[in-house]
Amino acid sequence: MATYGETDRGSHSMDKSIVLPPDEIFRNLENAKRFAIDIGGSLTKLAYYSTVQHKVAKVRSFDHAAKVGFQHESDGDPLYEISEQEEITARLHFIKFENTYIETCLDFIKDHLVNTETKVIKATGGGAYKFKDLIEKKLKLKVDKEDEMSCLIKGCNFVLKNIPHEVFVYAKHADSEFRFQNTHPDIFPYLLVNIGSGVSIVKVEAEDKFERIGGSSIGGEFSKEDMAKSLLHMISNDIGQLACLYARLHNLNRVYFGGFFIRGHPVTMHTITYSINYFTKGEVQALFLRHEGYLGAIGAFLKGAEEDNPNQYCWGENYAGSSGLMSVSPELNPMQRTRSGTFDMLEMDRLERQLVNLPLLFDPSSYIPDTVDLTEDTLAREYWLCCFEEALDGVVKRAVASQKDQPGAAERAEKFRQKYRDKLQTLRHQPFAYGSLTVRSLLDTREHCLNEFNFPDPYSKIKQKENDMALKYYQKVLSSLEELSWEEKQLALVRGLLAGNVFDWGAKAVSDVLESDPEFGFEKAKQQLQERPWLVDSYNQWIERLKGPPHKCALFFVDNSGMDIILGVFPFVRELLSRGTEVVLASNSGPALNDVTNGELQILTERIAAMDPAIQDSLNEDRLTLVQSGSSSPCLDLSRLDKVLATVVRERGTDLVIIEGMGRAIHTNYYAAFSCESLKLAVIKNSWLADRLGGKIFSVVFKYEVPSIAHGQH
Amino acid sequence: MEPNGCLCDGEGCPETEDEDATASRVDAPCSMVATADSEDAPPGGAGHRERRGSNSTSARRRLDSLKRSRPPFPWFGMDIGGTLVKLVYFEPKDITAEEEQEEVESLKSIRRYLTSHTAYGKTGIRDVHLELPGLTLWGRRGSMHFIRFPTQELPVFLQMGRDKRFSSLHNTLCATGGGAYKFEADFRTMADLQLLKLDELDCLIKGVLYIDSVVSSGPSECYYYENPTDTEHCQQKDFNLENPYPLLLVNIGSGVSILAVYSKDDYKRVTGTSLGGGTFLGLCCLLTGCATFEEALEMAARGESTRVDKLVRDIYGGDYERFGLPGWAVASSFGNMMCKEKRDSVSKEDLARATLITITNNIGSITRMCALNENIERVVFVGNFLRINTLSMKLLAYALDYWSKGQLKALFLRHEGYFGAVGALLELMNSS
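Since the structure is predicted, the reported quantities are computational estimates derived from the model, not experimental observations.

Undergrad: Please give an account of the overall build of chain B that cites residues and values.
TA: On a plain count of helices and strands, chain B comes out with 16 helices and 17 strands. When each of the 432 residues of chain B is scored for burial, the buried share is 57%. Surface summary for chain B: the accessible area is close to 18300 Å², and the carbon and sulfur share equals 48%.

Undergrad: Requested: an account of the overall build of chain A, with residues and values cited.
TA: Looking only at helices and strands, chain A features 25 helices and 23 strands. When each of the 714 residues of chain A is scored for burial, the buried share is 59%. Pairs at least 24 apart in sequence give 76% of the contacts found in chain A among residues at least 6 apart. Approximately 28200 Å² of chain A is accessible, and the part contributed by carbon and sulfur atoms is 50%.

Undergrad: For the confidence of the model for chain A, give the residues involved together with the corresponding values.
TA: All names here are of chain A. On average, chain A scores 85 in pLDDT, and the residues at 70 or more come to 89%. Here residues 328–341 scores under 50 on pLDDT; set against residues more than four positions off or in separate chains, the count is 25 contacts. Predicted confidence is poor over residues 710–714, with pLDDT under 50, and the contacts of this stretch with residues over four places away or in other chains come to six contacts.

Undergrad: An account of the interface of chain A and chain B is needed here, citing residue identities and associated values.
TA: On the chain B side, the residues contacting the 27 residues of chain A number 30 residues. With both sides pooled, the region where chain A packs onto chain B buries about 2600 Å², and carbon together with sulfur makes up 61% of that total. By the criterion of area lost to chain B, the three top residues of chain A are Arg212, Ser217 and Leu245 of chain A, representing 23% of everything that side buries. Joining chain A to chain B, the criterion identifies zero salt bridges. Our count for the chain A to chain B interface comes out at seven residue pairs in polar contact (both at pLDDT 80 or more). Listed by contribution, the elements that provide at least two residues to the side of chain A that touches chain B are helix H1 (2–12), helix H6 (148–162), strand S10 (209–216) and helix H7 (225–249) of chain A. If one sorts the elements of the side of chain A that touches chain B by residue count, H7 of chain A sits on top with ten residues.

Undergrad: For the sheet that holds strand S21 (residues 656–660) of chain A, give the residues involved together with the corresponding values.
TA: All names here are of chain A. With mixed pairing, the seven strands of this open sheet are ordered in space as S16-S23-S22-S21-S17-S18-S19. The open sheet terminates on both sides in strands that have one partner only, identified here as strand S16 (536–537) and strand S19 (624–628). Sheet topology places strand S17 (residues 553–557) next to strand S18 (residues 582–587); five bridges connect them, and they run parallel. Residue Phe556 lies in a different strand from S18, and its bridge partner there is Leu585. The sheet strands contacting helix H16 (residues 486–500) are S17, S21, strand S22 (677–684) and strand S23 (699–705), and the helix crosses S22 at an angle near 50°. Lying over the sheet, helix H20 (residues 563–578) contacts S17, S18, S19, S21 and S22, oriented at roughly 155° with respect to S18.

Undergrad: How would you summarise the packing of aromatic side chains if you had to cite specific residues and measurements?
TA: All names here are of chain A. Overall, the coordinates contain 49 aromatic pairs over all chains when judged by the stated rule. With centroids separated by 6.4 Å and ring planes inclined at 55°, the aromatic side chains of Trp384 and Phe388 adopt a geometry described as tilted. You can see Trp384 and its partner Phe388 sitting in helix H11 (residues 378–390), four residues apart, about one turn around the helix. Using a relative accessible area of 6% as the deciding quantity, one classes Trp384 as buried. Judged by relative accessible area, Phe388 falls into the buried class, the value being 6%. Relative to Trp688, the ring of Trp384 lies with its centre 6.0 Å away and its plane at 80°, an arrangement referred to as edge-to-face. Of the two residues, Trp384 is situated in helix H11 and Trp688 in helix H25 (residues 687–692); the sequence distance between them amounts to 304 residues. Over the ring of Tyr294 we find Lys96, and its NZ or CZ is 4.9 Å from the ring centre. For Arg412, the ring lying beneath its charged end belongs to Phe455, and the centroid distance is 4.8 Å.

Undergrad: Give a detailed account of the confidence of the model for chain B, specifying residues and quantitative values.
TA: As a note on interpretation, predicted positions should not be read in detail where pLDDT is low. All names here are of chain B. When pLDDT is averaged along chain B, the result is 83, and 86% of the positions lie at 70 or above. Note that pLDDT drops below 50 for residues 7–54; the model gives that stretch 70 contacts with residues more than four away or on any other chain. Interface scoring of the predicted complex returns ipTM 0.70; its pTM is 0.77.

Undergrad: Could you give an account of the packing of helix H21 (residues 598–611) of chain A against helix H22 (residues 613–620) of chain A, with specific residues and numbers?
TA: Residue and element names in this part refer to chain A. Packing of H21 against H22 leaves a shortest axis separation of 5 Å and a crossing angle of 120°. The angle between the axes of H21 and H22 places the two elements in the oblique class. Contacts from Thr605, Ile608, Ala609, Ala610 and Met611 in H21 reach Pro613, Ile615, Gln616 and Leu619 in H22. The class makeup of the residues in the contact of H21 with H22 is seven nonpolar, two polar and no charged.

Undergrad: Explain the pattern of salt bridges to me, and be specific about the residues and the numbers.
TA: Under the counting rule described, the total for this entry stands at 63 salt bridges over all chains. One salt-bridge network, held together by shared partners, links Arg27, Arg91, Glu347, Asp349 and Glu452 of chain A.

Undergrad: Residues and numbers for the pairing of S18 of chain A, please.
TA: For S18 of chain A, the buried fraction is high: six of the six residues fall into the buried class. The parallel pair S17 of chain A and S18 of chain A, bridged by H20 of chain A, forms a crossover whose chirality is right-handed.

Undergrad: Could you give an account of unusual backbone geometry, with specific residues and numbers?
TA: The omega torsion of the bond from Arg532 of chain A to Pro533 of chain A falls at 0°, within 30 degrees of zero and hence cis. Among the structural elements, Pro533 of chain A can be located in the loop between helix H18 (522–528) and S16. Residue Phe73 of chain B is joined to Pro74 of chain B through a cis peptide bond whose omega torsion reads 0°. Of note, the phi angle at Lys140 of chain A is positive, near 55°, even though the residue is not glycine. We classify Lys140 of chain A as exposed; its relative accessible area is 67%.

Undergrad: Explain the environment of Arg414 of chain B residue by residue, including any values.
TA: All names here are of chain B. By the secondary structure assignment, Arg414 is in the loop between strand S17 (409–413) and helix H16 (419–426). On a C-alpha basis, the gap between Arg414 and Tyr223 in space is 7.9 Å, while along the polypeptide they are 191 residues apart. Here the side chain of Arg414 touches Asp238 through a polar contact of 3.1 Å, side chain to side chain.

Undergrad: Lay out the environment of Glu389 of chain A with the relevant residues and their values.
TA: All names here are of chain A. Within the element layout of this structure, Glu389 appears in helix H11. For Glu389, a relative accessible area of 25% gives the class partly exposed. In the structure, Glu389 is positioned 112 residues away from Asn277 in sequence and 40 Å away in space, judged by C-alpha atoms. In this structure, Glu389 is in contact with Arg421, Leu424 and Arg428, ignoring residues within four places of it in sequence.

Undergrad: Give me the lowdown on the state of the cysteines, citing residues and values where you can.
TA: Enumeration over the complete set of coordinates arrives at zero disulfides over all chains. Between Cys244 of chain A, a free cysteine, and Cys370 of chain B, which holds the nearest cysteine sulfur, the sulfur-to-sulfur gap is 11 Å. Free of any disulfide, Cys285 of chain B has its nearest cysteine sulfur in Cys290 of chain B, 4.3 Å distant.

Undergrad: Tell me what's going on with the environment of Lys108 of chain B, and back it up with residues and numbers.
TA: All names here are of chain B. With respect to the helices and strands, Lys108 occurs in helix H5 (residues 105–116). Expressed as a C-alpha distance, the spacing of Lys108 and Phe73, which sit 35 residues apart in the sequence, is 10.0 Å. Residues contacting Lys108, with those up to four places away along its chain left out, are Glu100 and Glu103.

Undergrad: Pulling in residues and values, what's your account of the side chain of Arg126 of chain B?
TA: All names here are of chain B. By secondary structure assignment, the location of Arg126 is in strand S4 (residues 124–126). A relative accessible area of 8% means that Arg126 is categorised as buried. Polar contacts involving the side chain of Arg126 include one to the main-chain carbonyl oxygen of Leu114, which spans 3.2 Å. In this view, Arg126 contacts Leu114, Thr115, His117, Thr118, Tyr120, Glu131, His145, Phe146 and Ile147; residues no more than four positions away in its chain are not counted.

Undergrad: Account for the sheet that holds S17 of chain B, with residues named and values stated.
TA: All names here are of chain B. Taking strand neighbours across the sheet as the criterion, the seven strands line up as S10-S9-S17-S16-S11-S12-S13 in an open arrangement whose pairing is mixed. Edge positions in the sheet fall to strand S10 (235–239) and strand S13 (266–273), since each has one partner strand and no second. For this sheet, the mean angle separating the axes of adjacent strands, direction not counted, is 30°. Where strand S11 (residues 247–252) lies against strand S12 (residues 256–263), six bridges are found, and the strand directions are antiparallel. Across the sheet, the residue bridging to Ile252 is Val256, located in S12. Where helix H9 (residues 200–214) meets the sheet, it contacts strand S9 (222–226), S11, S12, S13, strand S16 (378–382) and S17, and its direction lies at approximately 60° from that of S12.

About the thresholds
- Residues numbered from 1 in each chain as written.
- Chains lettered and ligands numbered in written order.
- Predicted model: local features only at pLDDT ≥ 70, side-chain atom pairs only at ≥ 80, totals over all residues.
- Heavy atoms only, no water.
- Helix = DSSP H or I, 4+ residues; strand = E, 2+ residues; numbered from the N terminus.
- Buried < 20%, exposed > 50% of the residue type's maximum accessible area, 1.4 Å probe, protein only.
- Areas by Shrake-Rupley, 256 points an atom, 1.4 Å probe, with all protein chains shown as cover.
- Contact = heavy atoms within 4.5 Å.
- pLDDT = per-residue confidence, 0-100.
- Buried area = accessible area lost by both parts, 1.4 Å probe.
- Salt bridge = Lys/Arg side-chain N within 4 Å of Asp/Glu carboxyl O.
- Polar contact = N/O pair within 3.5 Å; in protein donor to acceptor, adjacent residues only side chain to side chain.
- Pairing = 2+ DSSP bridges.
- Axes fitted to C-alpha atoms, helices over the stretch in contact; angles between N-to-C directions.
- Phe/Tyr/Trp six-rings, centres within 6.5 Å; stacked < 30°, edge-to-face > 60°.
- Lys NZ or Arg CZ within 6 Å of the ring centre and 35° of its normal.
- Parallel < 35°, antiparallel > 145°, perpendicular 65-115°, else oblique.
- Nonpolar A, V, L, I, M, F, W, Y, C, P; charged D, E, K, R; others polar.
- Right-handed = clockwise from strand over helix to strand, strands pointing away.
- Disulfide = S-S within 2.5 Å.

Shown next as structure tokens:
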């Protein structure tokens with residue numbers, strides 16, 4: 001490749017200038033251990049493991065036992081205590097830089113490396129041998145070489161399993177060149193075509209079962225400008241053809257392409273895609289990986305970290321600490337180019353729990369959580385990017401307010417603003433940076449950035465206040481329901497659920513109202529609701545269904561705290577319980593906006609149970625269960641849920657899924673198909689979105705669905 | 001990872017050897033006996049054949065009908081490829097005195113011109129060693145001649161056709177190859193000739209089957225390399241292609257087509273690759289400044305590709321045992337050329353050889369995959385890339401044998417690049 005010549009020259013006169021301060025690149029070095037390095041022909045990839053200390057929001061119930069019966073008095077006592085505690089989590093760091101920086105980087109690492117337990121550095125890649133002495137001299141670590149191919153495959157398995165939008169197909173002429181693929185629940189078997197200076201074709205059948213089934217010596221060399229393109233075409237085509245022949249012979253239809261010959265190069269990706277499509281008559285698609293360059297480093301790292309059991313955990317890409325997929329043409333985004341110099345980072349956080357598919361998905365392999373892919377929908381993208389940018393001031397304000405008495409909150413909030421604004425800016429130029437751009441990914445990126453600057457739960461106090469207030473109305477709501485006929489009551493319950501869902505600080509239209517009118521109440525919210533027929537209205541079918549036998553068990557993904565959960569969800573759940581239906585309430589594991597967390601919900605449920613014997617009995621009889629979803633997002637990815645939830649759902653014979661709220665039922669899962677009955681309901685609290693759906697603000701979506709035998713088409 | 005091309009070393013100048021071998025065939029024309037012998041005798045042919053004509057009237061009737069439907073002379077078949085035009089000419093040798101008298105001047109002039117020369121202009125060549133004498137075609141005895149010239153010289157050829165008033169004899173010419181389409185208008189305007197355009201793959205298979213059948217009684221048209229993995233004992237051997245099916249037919253011209261042939265009329269194009277003979281010559285011209293295929297091959301014969309290519313042992317210091325890759329296998333074609341010092345130390349000959357090895361190995365590798373996918377063990381390589389190119393043939397034989405662990409057999413045909421033109425000639429019967 002053309003860069004080769006330059007690199008060779010460069011390595012003789014080590015370039016000492018690094019654009020970014022190195023501590024923003026090699027983060028957390030003071031807690032780092034287990035190093036691995038993959039040195040290729042032009043790029044070095046460094047990997048390490050660090051422990052990250054950061055704040056988490058905790059709620060703890062006060063001892064209210066003595067006060068039972070007095071909660072209604074407005075004595076100003078909050079019903080639970082909020083605290084922020086330091087917690088230690090594990091993080092994986094992967095940094096990619098040009099070989100010219102190796103010496104500088106090694107010096108920096110040596111100066112900042114505190115952990116003395118580290119004795120060995122795993123190394124792979126062609127350059128590992130060349131730089132062995134330098135690494136050993138600088139870092140005083142013993143270089144332990146690992147086989148390149150097995151590292152590559154270990155790394156590939158890891159990203160396929162842990163990064164949802166890792167895989168994409170390349171479509172040159174489409175609105176978005178990158179079409180991210182849903183990761184199949186079972187990643188095996190697949191064909192990996194690694195194109196470096198030569199080509200290796202490897203069939204991977206299981207974690208530790210792989211075989212090099214072929215290759216070619218024609219790989220990515222040559223340079224002269226006028227011939228380069230022709231050679232590139234020729235070589236890409238040739239490789240594509242061989243890959244197809246091997247795929248056909250071994251009956252594989254997933255073919256991933258990697259190696260430095262590809263590395264985000266659009267002409268190469270296009271030619272290979274074209275060639276694969278041509279030679280297989282469209283039966284096989286060429287697949288590319290977003291973190292293809294890191295595979296070797298990840299694999300080498302995993303080999304050295306076996307005692308930490310990294311493969312037993314689930315990991316998640318941290319959008320705050322990862323550079324994302326670079327634009328293929330650097331001039332497209334000069335800003336990021338100058339900001340990060342030639343450094344590229346990937347950070348992965350260890351998740352506290354194993355994440356799995358919801359067992360009730362109709363077809364897990366075709367499930368796509370997000371309703372709109374903003375990489376393909378330019379108008380929607382423009383709108384949402386602006387929307388999130390406009391909302392930024394409010395979020396910053398809220399973050400500062402949540403930590404009024406803590407030092408440095410204002411500065412940290414400013415840093416958060418800067419970081420998230422930069423991310424939005426990056427996404428404007430490279431919507432594909434973290435896979436498909438979606439409302440969910442924008443929200444998640446914001447949560448990651450907030451956490452990065454130690455704002456674990458900016459809405460904690462608001463949630464506390466609203467929960468407090470809503471609890472006071474709980475019994476009043478119950479008694480007003482008692483006066484109604486069965487039919488009236490069912491509608492009132494649904495309207496209550498919808499009215500509760502109006503209280504959403506995530507929606508700008510609502511947060512403006514709530515900000516200016518703190519007294520905005522449950523009744524007022526009901527008045528805002530659209531009258532029937534709703535925008536999407538299958539209420540009649542739902543009522544007909546309720547006249548039939550009760551469901552065995554309902555799984556309810558709840559949304560906001562306050563009015564929503566207490567005055568909307570609980571009365572509705574209570575009715576289900578009274579019909580003899582068991583209920584599993586699934587709430588977020590970690591905070592996101594004003595969504596109720598599992599910790600909060602436990603306390604709230606306790607409080608409600610104390611007032612309401614029906615709830616108390618259901619808890620005692622284990623007919624009402626609280627589980628955490630495993631998510632910390634306002635949206636919901638049903639392919640990444642807490643394993644415990646999946647077990648409970650299976651054990652209870654769940655036959656009804658209820659999903660509430662814009663984030664979970666509109667932005668995501670609107671088209672999700674289940675193998676059982678489902679109810680998706682939300683109030684559209686965004687006029688742009690309402691307009692798009694053909695309605696007005698506060699339009700109601702009430703979507704009740706029964707799986708047909710020949711399900712599967714939306 | 002591919003054989004590095006050193007395997008064919010130690011044989012001095014393989015091309016000359018090949019030339020010698022074929023040249024000896026030219027000296028033994030008597031062994032070429034026409035297959036149509038039992039069918040009938042040529043009309044007005046040599047007296048000693050008369051005895052065979054008396055046995056039935058039906059034979060005579062057939063002969064008469066053949067005579068009527070037989071196309072007028074001259075008999076040509078043409079294959080206009082991306083680089084070369086291949087011309088096959090049937091020269092009747094049983095011309096009676098009466099016929100000779102009637103033969104128009106233009107026909108005589110064409111026959112004399114073609115048969116009395118072995119080179120035409122600066123670039124036209126008659127491959128004398130391939131000539132098939134004593135052949136009977138449509139009841140006429142004669143010789144089949146094989147002529148080639150660069151496609152870019154086609155205008156000169158057309159001019160000559162015009163000068164020799166070819167169109168007064170025939171106004172249709174059987175032609176195949178892409179050029180039959182590309183140059184159709186030129187034939188019409190420059191030489192007043194209509195082309196009967198024929199599919200090149202149909203012609204190719206027809207030609208292969210025909211040639212193989214007519215030379216079955218002499219030294220075999222088809223041959224292979226015995227012990228291809230043992231350079232010391234690697235030897236060219238005749239092969240009997242009597243029961244050819246199924247076979248994989250790999251035609252290496254400027255580009256490459258790979259066909260799976262199941263019977264005379266049942267075949268499919270499995271795949272192809274644009275990396276063919278044209279790629280080899282094109283790259284060689286760029287890398288070495290050479291101008292002809294012959295020159296490129298001569299350079300390749302003297303070069304050393306392991307100086308250009310990066311071998312497994314250059315990376316691993318030996319074999320890559322985990323995956324059973326021997327140290328001598330090529331890991332990266334031209335891979336050493338990313339390093340400036342190595343770039344400065346290679347010769348043009350090295351580059352030519354590396355190019356030849358790269359292209360050949362790639363064809364071998366695609367062919368092997370196709371053979372496995374189609375479940376065919378016999379592979380016949382044809383096409384002008386193999387002309388005077390023993391290096392590639394031995395490498396293909398080696399690669400197929402080595403990587404298939406002896407499962408696949410690489411076969412070659414002496415008339416390498418002429419089968420399309422032969423197939424076109426055979427269509428002449430259907431042209432009128």
